[in-house]
Amino acid sequence: LKDICGRVGISYMSSHKIRFWSVTALVRQTGGDITAVGSYAGQKNRQTTLHYIRAAQDEDVQRKAAAAVYG
């Protein structure tokens, strides 16, 4: 994962940090639909989904980095 991040020119994020970021982004995109996000993320327990939601800092930087990777 470090190698891939380096190749695309973004800061390294562990797979766990990516999961936090992804779940948080999904919550925003679904308007806060915790049930749907938990299902998308493969989580059976609502508390697990809530654990992964974080307030993203420097959201524009993260959005640009994700766009560089995923298009």
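Structure first, text after, so check above.
No experiment lies behind these values; they were computed from the predicted model shown. (Residues numbered from 1 in each chain as written. Predicted model: local features only at pLDDT ≥ 70, side-chain atom pairs only at ≥ 80, totals over all residues. Heavy atoms only, no water.)

Novice: Looking at this structure, I do not really get the environment of Ile18. What am I missing?
Specialist: Along the chain, Ile18 falls in helix H2 (residues 15-29). Apart from residues no more than four positions distant in its own chain, Ile18 is found in contact with Leu1 and Met13. (Helix = DSSP H or I, 4+ residues; strand = E, 2+ residues; numbered from the N terminus. Contact = heavy atoms within 4.5 Å.)

Novice: Any chance you could explain a nonpolar patch on the surface here in plain terms?
Specialist: Together, Ile4, Val8, Val69 and Tyr70 make up an exposed nonpolar region whose accessible area comes to about 400 Å². Looking at the nonpolar patch, the elements that each hand over two or more residues are helix H1 (2-8) and helix H5 (59-70). Tracing the chain through its elements places Val69 in helix H5. Classification of Val69 by relative accessible area gives partly exposed; the value is 37%. (Patch = residues over 30% accessible without salt bridge, like charges linked within 9 Å, V, L, I, M, F, W, Y side chains within 5 Å. Areas by Shrake-Rupley, 256 points an atom, 1.4 Å probe, with all protein chains shown as cover. Salt bridge = Lys/Arg side-chain N within 4 Å of Asp/Glu carboxyl O. Buried < 20%, exposed > 50% of the residue type's maximum accessible area, 1.4 Å probe, protein only.)

Novice: Before we go on, may I ask you to explain the pattern of salt bridges in this structure?
Specialist: It is possible for side chains bearing opposite charge to pair when their charged atoms get close. As enumerated under the stated definition, the model contains one salt bridge in all. For Arg7, the salt bridge goes to Asp3, with nearest N and O atoms at 2.6 Å. Remark: Asp3 and Arg7 occur in helix H1; sequence separation between them is four residues, near one turn of the helix. Note on Arg7: relative accessible area 63%, which makes it exposed. By relative accessible area, which is 49% here, Asp3 ends up partly exposed.

Novice: How should I be thinking about the nonpolar core in this particular structure?
Specialist: The tendency in soluble globular proteins is for nonpolar side chains to be buried side by side. Membership of the largest hydrophobic core is limited to seven residues, which are Phe20, Val23, Val27, Ile34, Val37, Ala41 and Tyr52. Only H2 and helix H3 (34-40) provide two or more residues apiece to this core. In terms of residues, this core owes the most to one element, H2, which gives three residues. Aside from chain neighbours lying at most four places away, what touches Tyr52 is His16, Arg19, Phe20, Val23, Thr24 and Gln43. (Core = buried A, V, L, I, M, F, W, Y, C linked by side-chain atoms within 4.5 Å.)

Novice: Help me understand the environment of Val27 in this model?
Specialist: Position of Val27 among the secondary structure elements: in helix H2. Between the C-alpha atom of Val27 and that of Arg54, which follows or precedes it by 27 residues, the distance is 9.8 Å. Beyond its immediate stretch of four places on either side in the chain, Val27 contacts Gly32, Asp33, Ile34, Val37 and Ile53.

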